[in-house]
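Residues per chain, in single letters:
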Amino acid sequence: MRRVYLDHSATTPVRPEVAELVCKYMTVHFGNASSVYSFGREARKAVENAREQVAAVIGADPAEIIFTSGGTEADNLAIMGVAYANEKKGNHIITTQIEHHAVLDTCHYLEKKGFEVTYLPVDEHGLVSIRDLENSITDKTVLISVMHANNEVGTIQPVADIGRIARGRGVYFHTDAVQTFGKIPVNVKDMNIDLLAVSAHKIYGPKGTGCLYIRKGTKMNNIMFGGGQERKRRPGTENVPGIVGFGQAAEMAAAEMDQQMTYLAKQRDRLIAGIFKSIDHVKLNGHPEKRLPGNVNVSFRFVEGESLLLSLDMKGIAASSGSACTSGSLDPSHVLLAMGIPHEIAHGSLRMTLGRGNTEEDIDYVLEVLPEILNRLRAMSPLYHQEKESKECCQSVH
Ligand code: PLP
């Protein structure tokens, strides 16, 4: 059976070149980057080279890159680090209702510690309003955290405008760029970004590694203790193989970014058009234009996202759904609900995120299989039959 992986926003396969390098830094150049002898110096050199590779992708100075265990840790460090270090100035944080839980849960935690958090709403396409954001800033605001692009619906936020406003008002600006780094252009200087979180496993690098860009001069505390690594910002023996693999993956992603953006957007649009052509009662979630090149998120009425996923899996297709049933809750995605999508429509959502390995034939296969699955699932839905009958009845009257 054909196997089609359409969940690149969840994770990506490691590039063979990267895997080879990671392996070399596990088995041959295995030294501790803090050791003074040659094994250690080799490891140190490789870590510093990776720092340069990652910094180059976002126009940062290598000294502004702090390696972490991934996007979640980078978000935690940015938000808690800035909040605690600037508590004397104020205790107010601004974020959005559609952030990843790495940001939302950190903000919820800080609320319990006495901080006040404004969770900005979004419009029906998942965009924040710049005016809302400006109006929310007070003299107690110390941090604005708005993601660059949403992991579920792919909507790209006006990060450069937010950065300009934040800088103008003397408020730190953090952006979760886990879904955009190496995929669409990001420049921390041009966009006035103070802190930016990245994860390696979304760009064909290894899991468990990532980084936080921290603009020089940013006042922030540590959230972990135990060693002087990473400019005393993030203690613990460096994950040398992971960091080296991350650097290589970052450089390779940047080199093919333009070509991939064009290719993925073309396949994405073909997939969306094909779905709308062959399936009724479907809605595109997210912004029609300001969306990630590889993101397709659609809601089908009269089906459950989970049954759709299982049926696709039986046909070898891996995708994800906007309902959070897999995490033990039956609530639909907080992102879709924040966009004003009703529960019953959010429950029938399907996210397919394309990557560099997907071919045109993969898209053809999905377009062949998906209508069959929907017909079968909808045939079991009494609501679908009711809707069909009422439509036929109306058509015969007019
Ligand atoms: N932020 C966003 C937007 C994400 O999509 C993810 C991963 O899904 C993360 C943060 C967490 O990154 P990591 O898996 O490296 O901890």
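Just so you know, these numbers come straight off a predicted model, no measurement behind them.

Asks: Which parts of the structure should I look at to understand the packing of helix H2 (residues 38–58) against helix H7 (residues 240–255)?
Replies: It is the contact of H2 with H7, at a shortest axis distance of 8 Å, that shows an interaxial angle of 30°. When the axes of H2 and H7 are compared, the crossing they make is left-handed. Contact residues: Ala-43, Ala-46, Val-47, Ala-50, Gln-53, Val-54 and Val-57 in H2; Val-240, Ile-243, Val-244, Phe-246, Gly-247, Gln-248, Ala-250, Glu-251 and Ala-254 in H7. Looking at the contact of H2 with H7, its residues break down into 12 nonpolar, 3 polar and 1 charged.

Asks: How should I be thinking about the site of the ligand in this particular structure?
Replies: If you check the shell around the ligand, you find 13 residues, and the closest are Thr-72, Asp-176, Gln-179, Ser-199 and Lys-202. Between the ligand and Thr-72, the relevant distance is 2.6 Å, taken from an oxygen atom to a side-chain nitrogen or oxygen of the residue. At 2.6 Å from a nitrogen atom of the ligand is found a side-chain nitrogen or oxygen belonging to Asp-176. Taken by itself the ligand offers 390 Å² of open surface, and the protein chains cover 85% of this. Broken down by class, the residue content of the shell around the ligand amounts to 2 nonpolar, 8 polar and 3 charged.

Asks: How should I be thinking about the domain arrangement of the protein in this particular structure?
Replies: A common way to state how big an interface is: give the accessible area lost once the parts meet. Segmenting the protein into domains produces domain 1 (4–9 + 257–397) and domain 2 (16–253). Its C-alpha centre places domain 1 at a distance of 30 Å from the equivalent point of domain 2. Residue-level contacts link 24 residues of domain 1 with 28 residues of domain 2. Of all residues in domain 1, Met-257, Leu-292 and His-334 give up the largest surface area on contact with domain 2, accounting jointly for 28% of the area buried on that side.

Asks: I tried to follow the environment of Phe-173 on my own but got confused; where do I start?
Replies: Along the chain, Phe-173 falls in strand E6 (residues 172–176). Residue Phe-173 is classed as buried on the basis of its relative accessible area, which comes to 0%. With 121 residues separating them in the primary sequence, Phe-173 and Gly-294 have C-alpha atoms 26 Å apart. Residue contacts for Phe-173: discarding those within four places in its chain leaves Leu-143, Ile-144, Val-146, Val-159, Ile-162, Gly-163, Ala-166, Met-191, Asn-192, Ile-193, Asp-194 and Leu-195.

Asks: Would you mind showing me how to read a nonpolar patch on the surface here?
Replies: Nonpolar side chains collect at one region of the surface, where Phe-30, Val-36, Tyr-37 and Phe-39 lie side by side and expose about 460 Å² of accessible area between them. With respect to the element layout, Phe-39 can be found in helix H2. A relative accessible area of 40% means that Phe-39 is categorised as partly exposed.

Rules and cut-offs
- Residues numbered from 1 in each chain as written.
- Predicted model: local features only at pLDDT ≥ 70, side-chain atom pairs only at ≥ 80, totals over all residues.
- Heavy atoms only, no water.
- Axes fitted to C-alpha atoms, helices over the stretch in contact; angles between N-to-C directions.
- Helix = DSSP H or I, 4+ residues; strand = E, 2+ residues; numbered from the N terminus.
- Left-handed = near helix turned anticlockwise from the far one by under 90°.
- Contact = heavy atoms within 4.5 Å.
- Nonpolar A, V, L, I, M, F, W, Y, C, P; charged D, E, K, R; others polar.
- Near = heavy atom within 4 Å.
- Polar contact = N/O pair within 3.5 Å; in protein donor to acceptor, adjacent residues only side chain to side chain.
- Areas by Shrake-Rupley, 256 points an atom, 1.4 Å probe, with all protein chains shown as cover.
- Domains from an automatic or database assignment.
- Buried area = accessible area lost by both parts, 1.4 Å probe.
- Buried < 20%, exposed > 50% of the residue type's maximum accessible area, 1.4 Å probe, protein only.
- Patch = residues over 30% accessible without salt bridge, like charges linked within 9 Å, V, L, I, M, F, W, Y side chains within 5 Å.
- Salt bridge = Lys/Arg side-chain N within 4 Å of Asp/Glu carboxyl O.

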